[in-house]
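Report on the structure
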2 protein chains.
Amino acid sequence: MINKLNFDDEYLKKLEQNICYNKILNMADTLDVLAGKWKIPIIVCLSFKPKRFSEISKELKTITDRTLSKELKYLEENLLISRNIIDEYPLSIEYEITEHGLSLTRILMVLREWGELHREKILEHHREDSQSVHKI
Amino acid sequence: MINKLNFDDEYLKKLEQNICYNKILNMADTLDVLAGKWKIPIIVCLSFKPKRFSEISKELKTITDRTLSKELKYLEENLLISRNIIDEYPLSIEYEITEHGLSLTRILMVLREWGELHREKILEHHREDSQSVHKI
DNA sequence: CAGGATCCCACAGGATACTG
DNA sequence: CAGTATCCTGTGGGATCCTG
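The rules behind each value
- Residues numbered from 1 in each chain as written.
- Chains lettered and ligands numbered in written order.
- Predicted model: local features only at pLDDT ≥ 70, side-chain atom pairs only at ≥ 80, totals over all residues.
- Heavy atoms only, no water.
- Salt bridge = Lys/Arg side-chain N within 4 Å of Asp/Glu carboxyl O.
- Helix = DSSP H or I, 4+ residues; strand = E, 2+ residues; numbered from the N terminus.
- Buried < 20%, exposed > 50% of the residue type's maximum accessible area, 1.4 Å probe, protein only.
- Near = heavy atom within 4 Å.
- Polar contact = N/O pair within 3.5 Å; in protein donor to acceptor, adjacent residues only side chain to side chain.
- Nonpolar A, V, L, I, M, F, W, Y, C, P; charged D, E, K, R; others polar.
- Pairing = 2+ DSSP bridges.
- Contact = heavy atoms within 4.5 Å.
- Axes fitted to C-alpha atoms, helices over the stretch in contact; angles between N-to-C directions.
- Domains from an automatic or database assignment.
- Buried area = accessible area lost by both parts, 1.4 Å probe.
- UniProt positions renumbered as here; feature names shortened; annotations may be inferred.
- Expected span 1.5 Å × (residues − 1).

Overall, the coordinates contain ten salt bridges over all chains when judged by the stated rule. Here arginine 112 of chain A makes a salt bridge to glutamate 116 of chain A, at a shortest N to O gap of 3.1 Å. Remark: glutamate 116 of chain A and arginine 112 of chain A occur in helix α7 (residues 104-135); sequence separation between them is four residues, near one turn of the helix. Look at glutamate 116 of chain A and you get partly exposed, because its relative accessible area is 38%. For the salt bridge of glutamate 113 of chain A with arginine 106 of chain B, the shortest nitrogen-to-oxygen distance reads 3.9 Å. With glutamate 113 of chain A in helix α7 and arginine 106 of chain B in helix α7 (residues 104-135), this residue pair bridges two chains.

Structure below.
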C-alpha cells in the first residue's frame, strides 16, 4: 500500500516538500481498496444486509468462486467486512460490512455524482461534434 | 464506459429496479478516469500550471514516453486536459488542465481524506494484533 | 456449503528504437 | 521536441476441477 506510484527519489523529495507526495499516496490507497471489477459490487451487495458466500455469488452471478474468495479475503484484511462463523456443523459463514466499510459510502456517493456529471459532459461534447459535422 | 461490471441480464434487471445499477456504473466510470499508475500524478502535475510533454516527463521521471502519450490522449478525450499548440516551427505543445479536470479536485480530496483514515485504521489494528501477541 | 489449486488469456505498462 | 512502433513481462481475473 506504500509508494505504488514508483516515483524516483528526486521527485519524491520535491513532492514531499510540496506535501504533495503523501496526498497522492493516500489517494492511491483509496483507489486500491476500490479497484478491480468486483470490489464495489461486493461492498454494495453487503451494504444492504449480511450475506453468505453462496448468496453473494448468486447475486453477482458472473463472479467466479475463486475471485469472490480472493476479494472477500482482501476486503476482510482491509477491515471493510467481517467474516462471522454462524454454525460449525454444517459450516455456515456470514459476511457483514463493518462500520469502516460503511464509511466508504461517502466516497461512493461522490464517485457516483461525478460519474453522472462526467457522462453529461461527454455526451454534450459528442453532440456538439456531430452538429459541427452537419454544419459542414 | 458502459457496463464494465458485466452483470448478467437478470441481475441487471434487479439492480435497475433498485436504481442501483446506474449508480454502480457511474462509480465505475469515475474510477476508470482515475485508474492506473499515472493518471492522478499527471492530473496533479498539470493542476499547478500548463506544461509541455517533456516537462511532464521530467517531473514524473520514471514514466515512459509511450505511457505518457497514451495517458495524455486518454485524459484529453475525457475532456480533463486540453492540448494547445503553441508554436508550429519548432513544434511546441502545451497541456493544460480544463475546468472539468479541476472538478476532480473534490474527488481527490475525498479520496485523500479516506486514505488517511484508512491508513490509521489499519495501523491501529496491527498495533492491537502485536499487543495481543505480546500478552501471550 | 465454502472455498483452494491449476491453467490460461487479455491487457497495462516498461524497455528500446525510430520519426516528423 | 513530441511523440509512434515493437517487443516483452507481470498481473487480474475467467474456466475448470477438487476438498473439508
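On to the protein's contact with DNA strand C. DNA strand C sits among 17 residues. The nearest are Ser54, Ser69, Arg83 and Tyr95 of chain A together with Arg66 of chain B. A distance of 3.4 Å is found between a base nitrogen of DNA strand C and a side-chain nitrogen or oxygen belonging to aspartate 65 of chain A. For the surface near DNA strand C, the element with the highest residue contribution is helix α5 (residues 65-77) of chain A, accounting for four residues. Of the residues contributing to the surface near DNA strand C, the split by class is four nonpolar, five polar and eight charged.

Further remarks concern the sheet that holds strand β1 (residues 51-52) of chain B. Residue and element names in this part refer to chain B. If you trace the three strands from one edge of the open sheet to the other, you get β1-β3-β2, paired in antiparallel fashion. Two strands in the sheet have a free side with no partner beyond their single neighbour: β1 and β2 (81-87). Taken together, the six bridges between β2 and strand β3 (residues 92-97) define a ladder with antiparallel strand orientation. Its bridge partner being in β3, serine 82 is matched across the sheet by glutamate 96. Across the sheet, helix α3 (residues 39-48) is in contact with β1, β2 and β3; its angle to β3 comes to roughly 100 degrees.

What follows is about the domain arrangement of chain A. Residues and elements named next belong to chain A. For chain A, the assigned domains are domain 1 (9-100) and domain 2 (104-136). At the interface, seven residues of domain 1 touch four residues of domain 2. Between domain 1 and domain 2 lies a buried interface of about 410 Å² when both sides are counted; carbon and sulfur atoms form 90% of it. Scanning the region where domain 1 abuts domain 2 turns up zero salt bridges. Broken down by secondary-structure element, the contributors of at least two residues to the side of domain 1 that touches domain 2 are α2 (20-34) and α3 (39-48). A total of three residues in the side of domain 1 that touches domain 2 trace back to one element, the largest contributor, which is α2. Here the residues of the side of domain 1 that touches domain 2 sort into five nonpolar, two polar and no charged.

On the UniProt side, "domain: HTH hxlR-type" (unreviewed entry) is annotated at positions that read residues 20-123 of chain A here. Here residues 20-123 of chain A runs as 66% helix and 14% strand, with 33 Å between its end C-alpha atoms.

The next thing to look at is α2 of chain A. Residue and element names in this part refer to chain A. In this model, α2 (15 residues) spans 22 Å end to end at C-alpha, consistent with the 21 Å of a helix rising 1.5 Å per residue. Among the 15 residues in α2, twelve count as buried, and that is most of the element. Turning to α2, its buried residues number three or more, namely Cys20, Tyr21, Ile24, Leu25, Asn26, Met27, Ala28, Asp29, Thr30, Leu31, Val33 and Leu34. Positive phi appears at glycine 36, one or two residues downstream of α2, with a value of about 95 degrees.

Once that is clear, we can look at the protein's contact with DNA strand D. Close contacts around DNA strand D come from 19 residues, with Lys37 and Arg66 of chain A together with Ser69, Arg83 and Tyr95 of chain B the closest. The share of sugar and phosphate among atoms of DNA strand D within 4 Å of the protein is 67%. In the environment of DNA strand D, a phosphate oxygen lies 3.0 Å from a nitrogen or oxygen atom belonging to the side chain of lysine 73 of chain B. Side-chain polar atom of arginine 83 of chain B to a phosphate oxygen of DNA strand D: 2.7 Å apart, as the coordinates give it. Elements supplying a minimum of two residues to the surface near DNA strand D: α5 of chain A together with α4 (53-59), α5 (65-77) and β3 of chain B.

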